[in-house]
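The residues making up each chain are set out below.
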Amino acid sequence: ETGVTQTPRHLVMGMTNKKSLKCEQHLGHNAMYWYKQSAKKPLELMFVYNFKEQTENNSVPSRFSPECPNSSHLFLHLHTLQPEDSALYLCASSLGQGARSFGSGTRLTVV
Amino acid sequence: TQLLEQSPQFLSIQEGENLTVYCNSSSVFSSLQWYRQEPGEGPVLLVTVVTGGEVKKLKRLTFQFGDARKDSSLHITAAQPGDTGLYLCAGGSGSARQLTFGSGTQLTVLP
(Lines give C-alpha, C1' and ligand atoms only; values in the text may rest on other atoms or scores of the structure.)
Protein backbone atom coordinates (compact mmCIF):
# COMPACT_ATOMS: atom_id res chain seq x y z
CA GLU A 1 0.00 0.00 0.00
CA THR A 2 1.74 3.18 -1.21
CA GLY A 3 -0.83 5.68 -0.04
CA VAL A 4 -1.75 6.57 -3.62
CA THR A 5 -4.92 4.96 -4.97
CA GLN A 6 -5.86 4.91 -8.64
CA THR A 7 -9.14 3.84 -10.21
CA PRO A 8 -10.03 2.08 -12.35
CA ARG A 9 -7.18 -0.45 -12.59
CA HIS A 10 -8.16 -1.39 -16.13
CA LEU A 11 -10.09 0.54 -18.76
CA VAL A 12 -11.06 -0.29 -22.32
CA MET A 13 -12.57 2.54 -24.29
CA GLY A 14 -13.54 3.33 -27.85
CA MET A 15 -12.08 6.26 -29.71
CA THR A 16 -15.30 8.25 -29.37
CA ASN A 17 -15.79 7.62 -25.65
CA LYS A 18 -15.22 9.99 -22.75
CA LYS A 19 -13.80 8.56 -19.55
CA SER A 20 -11.93 9.77 -16.47
CA LEU A 21 -9.09 8.37 -14.41
CA LYS A 22 -9.03 9.12 -10.70
CA CYS A 23 -6.16 9.39 -8.26
CA GLU A 24 -6.24 10.01 -4.51
CA GLN A 25 -3.30 10.34 -2.12
CA HIS A 26 -3.40 10.01 1.67
CA LEU A 27 0.19 11.08 2.34
CA GLY A 28 -0.21 14.80 2.90
CA HIS A 29 1.91 15.51 -0.18
CA ASN A 30 1.61 18.85 -1.96
CA ALA A 31 2.54 17.79 -5.51
CA MET A 32 0.75 15.34 -7.81
CA TYR A 33 1.72 14.01 -11.22
CA TRP A 34 0.41 12.08 -14.19
CA TYR A 35 2.88 9.84 -16.04
CA LYS A 36 2.43 7.67 -19.14
CA GLN A 37 4.31 4.38 -19.30
CA SER A 38 4.55 2.65 -22.68
CA ALA A 39 6.48 -0.48 -23.54
CA LYS A 40 10.22 0.05 -24.02
CA LYS A 41 10.00 3.79 -23.34
CA PRO A 42 10.96 5.80 -20.26
CA LEU A 43 8.25 7.14 -18.04
CA GLU A 44 6.80 10.23 -19.68
CA LEU A 45 5.76 13.07 -17.42
CA MET A 46 2.44 14.51 -18.56
CA PHE A 47 1.26 16.98 -15.94
CA VAL A 48 2.42 18.37 -12.61
CA TYR A 49 0.28 20.04 -9.97
CA ASN A 50 1.75 21.82 -6.98
CA PHE A 51 -0.74 22.83 -4.28
CA LYS A 52 -3.49 22.09 -6.87
CA GLU A 53 -2.06 24.56 -9.38
CA GLN A 54 -0.79 23.16 -12.68
CA THR A 55 2.91 23.88 -13.03
CA GLU A 56 3.90 21.60 -15.91
CA ASN A 57 2.23 20.51 -19.12
CA ASN A 58 4.70 18.58 -21.21
CA SER A 59 3.14 19.21 -24.63
CA VAL A 60 0.36 16.76 -23.96
CA PRO A 61 -2.44 16.63 -26.59
CA SER A 62 -5.66 18.35 -25.61
CA ARG A 63 -7.53 15.04 -25.67
CA PHE A 64 -5.99 14.58 -22.20
CA SER A 65 -7.42 17.08 -19.70
CA PRO A 66 -6.23 17.08 -16.07
CA GLU A 67 -8.17 18.35 -13.10
CA CYS A 68 -6.92 18.87 -9.55
CA PRO A 69 -9.71 20.03 -7.22
CA ASN A 70 -7.49 19.83 -4.12
CA SER A 71 -4.05 18.60 -3.06
CA SER A 72 -5.31 15.06 -2.46
CA HIS A 73 -7.23 14.37 -5.66
CA LEU A 74 -6.22 14.32 -9.30
CA PHE A 75 -8.22 13.39 -12.36
CA LEU A 76 -7.34 12.77 -15.99
CA HIS A 77 -10.24 13.27 -18.35
CA LEU A 78 -9.98 11.40 -21.63
CA HIS A 79 -11.86 12.03 -24.88
CA THR A 80 -11.45 11.02 -28.51
CA LEU A 81 -8.29 9.05 -27.78
CA GLN A 82 -6.22 7.20 -30.36
CA PRO A 83 -5.02 3.58 -30.22
CA GLU A 84 -1.45 4.82 -29.64
CA ASP A 85 -2.66 6.32 -26.37
CA SER A 86 -2.99 2.79 -24.98
CA ALA A 87 -0.55 2.58 -22.06
CA LEU A 88 -0.23 2.37 -18.29
CA TYR A 89 -1.14 5.72 -16.75
CA LEU A 90 0.52 6.30 -13.41
CA CYS A 91 -0.35 8.87 -10.80
CA ALA A 92 2.28 9.93 -8.27
CA SER A 93 2.63 12.37 -5.42
CA SER A 94 5.55 13.92 -3.58
CA LEU A 95 6.45 16.38 -0.88
CA GLY A 96 8.12 19.17 -2.77
CA GLN A 97 10.62 17.75 -5.26
CA GLY A 98 11.16 14.61 -3.21
CA ALA A 99 10.77 10.99 -4.18
CA ARG A 100 7.58 10.00 -5.94
CA SER A 101 5.00 7.72 -4.39
CA PHE A 102 3.23 5.99 -7.24
CA GLY A 103 -0.18 4.45 -7.53
CA SER A 104 -0.70 1.05 -9.15
CA GLY A 105 -1.72 2.65 -12.41
CA THR A 106 -4.60 2.36 -14.84
CA ARG A 107 -4.02 0.03 -17.78
CA LEU A 108 -5.77 1.82 -20.65
CA THR A 109 -6.64 0.16 -23.94
CA VAL A 110 -8.11 2.27 -26.72
CA VAL A 111 -9.96 0.27 -29.37
CA THR B 1 17.41 17.53 -22.47
CA GLN B 2 18.77 15.24 -19.78
CA LEU B 3 18.83 11.55 -20.66
CA LEU B 4 19.46 8.50 -18.51
CA GLU B 5 20.51 5.27 -20.18
CA GLN B 6 20.09 2.01 -18.34
CA SER B 7 21.87 -1.22 -19.16
CA PRO B 8 21.25 -3.96 -19.73
CA GLN B 9 17.66 -3.60 -20.94
CA PHE B 10 16.89 -7.21 -20.06
CA LEU B 11 18.62 -9.60 -17.67
CA SER B 12 17.68 -13.17 -16.84
CA ILE B 13 19.68 -15.03 -14.22
CA GLN B 14 19.47 -18.02 -11.92
CA GLU B 15 18.66 -17.72 -8.24
CA GLY B 16 21.81 -17.19 -6.19
CA GLU B 17 23.76 -15.31 -8.86
CA ASN B 18 25.07 -11.77 -8.48
CA LEU B 19 24.28 -8.97 -10.92
CA THR B 20 24.91 -5.29 -11.57
CA VAL B 21 22.76 -2.88 -13.53
CA TYR B 22 23.88 0.54 -14.66
CA CYS B 23 22.43 3.99 -15.08
CA ASN B 24 24.47 6.48 -17.11
CA SER B 25 24.14 10.05 -18.27
CA SER B 26 26.20 12.86 -19.70
CA SER B 27 24.39 15.23 -17.33
CA VAL B 28 25.10 15.92 -13.69
CA PHE B 29 22.29 15.18 -11.25
CA SER B 30 21.86 16.48 -7.74
CA SER B 31 20.26 13.22 -6.68
CA LEU B 32 19.62 9.79 -8.09
CA GLN B 33 16.76 7.52 -7.15
CA TRP B 34 16.22 3.83 -7.80
CA TYR B 35 12.75 2.31 -8.06
CA ARG B 36 11.51 -1.25 -8.55
CA GLN B 37 8.29 -1.91 -10.41
CA GLU B 38 6.55 -5.28 -10.23
CA PRO B 39 4.01 -6.42 -12.84
CA GLY B 40 0.66 -4.69 -12.45
CA GLU B 41 2.00 -2.17 -9.94
CA GLY B 42 3.57 1.27 -9.90
CA PRO B 43 7.26 1.89 -9.18
CA VAL B 44 8.31 1.76 -5.53
CA LEU B 45 11.24 3.81 -4.26
CA LEU B 46 14.24 1.75 -3.12
CA VAL B 47 16.83 4.42 -2.35
CA THR B 48 17.95 7.99 -2.95
CA VAL B 49 21.62 8.91 -3.25
CA VAL B 50 22.75 12.52 -3.21
CA THR B 51 26.52 12.67 -2.70
CA GLY B 52 29.11 11.81 -5.35
CA GLY B 53 30.75 8.50 -4.46
CA GLU B 54 28.01 7.62 -2.01
CA VAL B 55 27.31 3.95 -1.38
CA LYS B 56 24.09 2.74 0.23
CA LYS B 57 23.19 -0.80 1.18
CA LEU B 58 19.70 -2.21 1.49
CA LYS B 59 20.03 -5.85 2.56
CA ARG B 60 21.40 -7.61 -0.56
CA LEU B 61 21.20 -4.48 -2.71
CA THR B 62 24.13 -2.05 -2.98
CA PHE B 63 23.66 1.31 -4.68
CA GLN B 64 26.49 3.57 -5.75
CA PHE B 65 26.43 7.14 -7.04
CA GLY B 66 29.35 8.02 -9.30
CA ASP B 67 31.92 10.54 -8.12
CA ALA B 68 30.87 12.99 -10.84
CA ARG B 69 27.16 12.40 -10.10
CA LYS B 70 26.51 11.37 -13.71
CA ASP B 71 26.07 7.64 -13.19
CA SER B 72 24.91 5.04 -10.73
CA SER B 73 24.92 1.30 -10.29
CA LEU B 74 22.81 -1.24 -8.47
CA HIS B 75 24.43 -4.49 -7.40
CA ILE B 76 22.35 -7.41 -6.15
CA THR B 77 24.02 -10.24 -4.28
CA ALA B 78 22.56 -13.75 -4.31
CA ALA B 79 19.51 -12.80 -6.32
CA GLN B 80 16.16 -14.30 -5.40
CA PRO B 81 12.97 -14.74 -7.47
CA GLY B 82 11.40 -11.99 -5.37
CA ASP B 83 13.92 -9.55 -6.89
CA THR B 84 12.23 -9.95 -10.27
CA GLY B 85 10.93 -6.65 -11.62
CA LEU B 86 11.67 -3.53 -13.63
CA TYR B 87 14.42 -1.44 -12.06
CA LEU B 88 14.22 2.25 -12.87
CA CYS B 89 16.71 5.00 -12.10
CA ALA B 90 15.62 8.61 -11.96
CA GLY B 91 17.80 11.70 -11.78
CA GLY B 92 16.86 14.89 -10.04
CA SER B 93 18.30 18.30 -10.84
CA GLY B 94 18.16 21.28 -8.57
CA SER B 95 17.18 23.53 -11.46
CA ALA B 96 14.41 21.27 -12.78
CA ARG B 97 11.22 20.44 -11.01
CA GLN B 98 10.90 17.01 -12.53
CA LEU B 99 12.74 13.75 -12.37
CA THR B 100 14.30 12.25 -15.48
CA PHE B 101 13.59 8.53 -15.66
CA GLY B 102 15.62 5.89 -17.45
CA SER B 103 13.89 3.25 -19.57
CA GLY B 104 14.63 0.55 -17.02
CA THR B 105 16.24 -2.86 -16.67
CA GLN B 106 13.85 -5.80 -16.67
CA LEU B 107 15.29 -8.40 -14.29
CA THR B 108 14.07 -11.98 -14.13
CA VAL B 109 15.44 -14.30 -11.46
CA LEU B 110 14.70 -17.93 -12.18
CA PRO B 111 14.28 -20.41 -9.31
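Above: the structure in question.
A short tour of the structure in this document, coming up. Keep in mind it's a predicted model, so treat the numbers as computed, not measured.

## Description of the interface of chain A and chain B
The partner chain B presents 19 residues to the 19 residues of chain A that form the contact. With both sides pooled, the region where chain A packs onto chain B buries about 1,600 Å², and carbon together with sulfur makes up 51% of that total. Three residues stand out in chain A for area buried against chain B, namely Gln-97, Arg-100 and Phe-102 of chain A, and they jointly supply 28% of the buried area on that side. Close ionic contact of Glu-41 of chain B with Arg-9 of chain A constitutes a salt bridge, the shortest N to O distance being 3.9 Å. Of the residues in the side of chain A that touches chain B, the class split is eight nonpolar, seven polar and four charged.

## With respect to the sheet that holds strand β7 (residues 61-65) of chain B
Residue and element names in this part refer to chain B. Spatial strand order, β1-β3-β8-β7-β6: five strands in an open sheet with antiparallel pairing. Each edge of the open sheet is held by one strand with a lone partner, namely β1 (5-7) and β6 (55-58). Neighbouring strand axes in the sheet, compared pairwise and without regard to direction, differ in orientation by 15° on average. One ladder, built from five bridges, connects β7 with strand β8 (residues 71-76); its direction is antiparallel. Opposite Phe-65, over in β8, you have Ser-72 as the bridge partner.

## A word on the nonpolar core
Counting 22 residues, the largest nonpolar core has Trp-34, Phe-64, Leu-76 and Leu-78 of chain A as its most contacted members. For this core, the secondary-structure elements that each account for two or more residues are β2 (10-13), β3 (18-25), β4 (31-37), β5 (44-50), β7 (64-70), β8 (73-79), β9 (87-94) and β11 (106-110) of chain A. In this structure, Leu-78 of chain A is in contact with Leu-11, Met-13, Asn-17, Lys-18, Lys-19, Leu-21, Arg-63, Phe-64 and Leu-108 of chain A, ignoring residues within four places of it in sequence. Among the nonpolar cores identified, the runner-up in size contains 21 residues, and Cys-23, Trp-34, Val-49 and Val-109 of chain B belong to it.

## What about the packing of aromatic side chains?
Per the stated rule, a full pass over the model turns up eight aromatic pairs over all chains. Ring centres of Tyr-35 of chain A and Phe-102 of chain A lie 5.5 Å apart, and the angle between their planes is 50°; on these two criteria the pair is classed as tilted. Separated by 67 residues along the polypeptide, Tyr-35 of chain A in strand β4 and Phe-102 of chain A in strand β10 (residues 101-102) bring together distant segments of the chain. The pair Tyr-35 of chain A / Phe-102 of chain A is uniform in exposure class, with both members buried. Judged by centre distance (5.8 Å) and plane angle (85°), the rings of Phe-102 of chain A and Tyr-35 of chain B are edge-to-face. Note that Phe-102 of chain A is positioned in strand β10 and Tyr-35 of chain B in strand β4 (residues 31-37), a pairing that runs across two chains. Just as Phe-102 of chain A is buried, Tyr-35 of chain B falls in that class too.

Cut-off values and rules
Residues numbered from 1 in each chain as written. Chains lettered and ligands numbered in written order. Predicted model: local features only at pLDDT ≥ 70, side-chain atom pairs only at ≥ 80, totals over all residues. Heavy atoms only, no water. Contact = heavy atoms within 4.5 Å. Buried area = accessible area lost by both parts, 1.4 Å probe. Salt bridge = Lys/Arg side-chain N within 4 Å of Asp/Glu carboxyl O. Nonpolar A, V, L, I, M, F, W, Y, C, P; charged D, E, K, R; others polar. Pairing = 2+ DSSP bridges. Helix = DSSP H or I, 4+ residues; strand = E, 2+ residues; numbered from the N terminus. Axes fitted to C-alpha atoms, helices over the stretch in contact; angles between N-to-C directions. Core = buried A, V, L, I, M, F, W, Y, C linked by side-chain atoms within 4.5 Å. Buried < 20%, exposed > 50% of the residue type's maximum accessible area, 1.4 Å probe, protein only. Phe/Tyr/Trp six-rings, centres within 6.5 Å; stacked < 30°, edge-to-face > 60°.

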